[in-house]
Structure formats: C-alpha cells, structure tokens
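# Inside the fold
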Amino acid sequence: MTHGNAPQGNAPQGNAPKGDPASTRPTDLTSHGCHDRDWQDAGNDRAVFEAQLTPYRSLGRRGFVIVMGIISTITLVHGVVFMAAGAWPVVGFFGLDLALLFGAFWLNYRSARACEYVRISRTDLKITKRAPSGRTQDYSFNPFWARFEVARHDEIGITGMQVSGQGRVTDIGSFLNPQDRESFASAFSGALATVKRS
C-alpha cells in the first residue's frame, strides 16, 4: 500500500458533474441535512466544487418490498406445510429467520442515511458529515493550506482518503467503492489545485 497526494487534474466548475449516485449528488442538498443552509454563495465564497457523497445501495425501497414479500410468502407456505405435518415448533424458527433477515435489511438501510457534503471555495474548504443517527460534524480548512492524501493498494486502488491542515485531519468518502473513490479523488484534487493556483 502506498501513500501520497492525489493526482492533479482539471477542476470542475460549479457543481460536481453528475455521475454514479454513490459518488456525487449535488442536487437538493439541503433536504439531506448534510450542509449548512446559511452559506452565502457569492464573491470569493462561490463554490468551485461541491459534492454530496452517499453510500451506494443496489436494492431500493421497492426492491426491498418485493424481496421481503417473496420471502414472506415462501416462509408462510413452508410454515403451513410443517404445521399440517404436526411439526409446529419449526414454524417458530421460520419466523425467527424472517425477523433476523428484516433486521439485517433495516440496519443496512439505516447505514445508508450517512452522507458527507464537500464544498470548496476560494476562502474555505468545508466537509460536513452526517452519521446514520443524524448527528453532524463540520470540518473547515483553509484551502491554501489543506492537503489531500490517498492510501492506494496496487490491486484494489484507493483504499482511503483524508484531508489535513492546520493541525486537523479527517477521512473522507470511506464508504465509497474503489471506482467512486477514484473519480472523486480526481475531481476533488483538481478543484483544490485550481484554488491554490488562483
């Protein structure tokens, strides 16, 4: 595993480009509660780059309902069969399995509430993190002093990203998959480099 600064690239102007929903979601950011609604986007504080990072979930709410409906139906049918055969204690285990499966899905969807909002202007680099519980943490850096570093594995790619500066440090995008980390790192490092050159 190697550590180093992310590669420099061209900075996106304005909002980050729309891409995979796991990597950037710049639309309707205030509805997710991931950033300060009192920011003024004017003058030197105009955003050069902004993106909202969210965990990727391949199974949406509709898919969850369909999957649970199918599993519940199969469980019910098997339960009826075992009850008819006199093996009624087995029905309780079927119910327990169904409850555990539902609980696993619930925890998975709860973790998907996490998000990170990243914004770079010529005067500030701000990262706002929201935990699944709704608790938020704000990190603010001077973009001219901030350092963006990545941890990279030869086979996997980027395994971690962090921003540091002025005695503060925070990781970023830890829930993203390797492909999303690569695209975010390229856009973010390019925007940061553009601000430093201005």
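All of the points below concern the structure found in this document. (Residues numbered from 1 in each chain as written. Predicted model: local features only at pLDDT ≥ 70, side-chain atom pairs only at ≥ 80, totals over all residues. Heavy atoms only, no water.)

## Here's the deal with the sheet that holds strand β3 (residues 115-120)
As summarised here, the arrangement of the 4 strands in space is β2-β3-β4-β5, forming an open sheet in which the pairing is antiparallel. Two strands close off the open sheet at either side, each with one partner strand: β2 (49-53) and β5 (136-141). When the angles between neighbouring strand axes are averaged without regard to direction, this sheet yields 10 degrees. Bridge count for strand β4 (residues 125-130) against β5 is 6 bridges, and the pairing is antiparallel. (Pairing = 2+ DSSP bridges. Helix = DSSP H or I, 4+ residues; strand = E, 2+ residues; numbered from the N terminus. Axes fitted to C-alpha atoms, helices over the stretch in contact; angles between N-to-C directions.)

## What to know about the pattern of salt bridges
Enumeration according to the criterion identifies 3 salt bridges in this entry. When the shortest N-O distance is used, the salt bridge between Glu182 and Arg152 registers 2.7 Å. Placement of the pair is Glu182 in helix α3 (residues 178-197) and Arg152 in strand β6 (residues 147-153), with a sequence separation of 30 residues. According to the relative accessible area criterion, Arg152 is partly exposed, its value standing at 25%. (Salt bridge = Lys/Arg side-chain N within 4 Å of Asp/Glu carboxyl O. Buried < 20%, exposed > 50% of the residue type's maximum accessible area, 1.4 Å probe, protein only.)

## Some remarks on helix α1 (residues 61-84)
When the terminal C-alpha atoms of α1 are compared, their 34 Å separation across 24 residues agrees well with the 34 Å that a helix rising 1.5 Å per residue should span. Of the positions making up α1, those classed as buried are Gly63, Phe64, Met68, Thr75 and Gly79. Among the residues trailing α1, Gly86 stands out with phi positive, at a value near 90 degrees. (Expected span 1.5 Å × (residues − 1).)

## A closer look at the nonpolar core
Counting residues in each nonpolar core, the largest one holds 24 residues, and the members touching the most others are Phe49, Leu125, Phe148, Met161 and Phe188. Elements with a minimum of two residues in this core: β2, β3, β4, β6, β7 (157-165) and α3. The element contributing the most residues to this core is α3, with 7 residues. Apart from the residues lying within four places of it in its own chain, the contact partners of Leu125 are Arg119, Ile120, Tyr139, Ser140, Phe141, Pro143, Ala146, Val163, Phe188 and Leu192. (Core = buried A, V, L, I, M, F, W, Y, C linked by side-chain atoms within 4.5 Å. Contact = heavy atoms within 4.5 Å.)

## What about unusual backbone geometry?
Generally, phi is negative for residues other than glycine and the peptide bonds are trans, each holding for most cases. Within the chain, Gln166 stands out as a residue other than glycine whose phi angle is a positive 55 degrees. Secondary-structure assignment places Gln166 in the loop between β7 and β8 (168-171).

## Side note on the side chain of Ser164
Note on placement: Ser164 falls in strand β7. Each residue touching Ser164, except ones within four places of it in the same chain, is listed here: Phe141, Trp145, Ala146, Arg147 and Val169.

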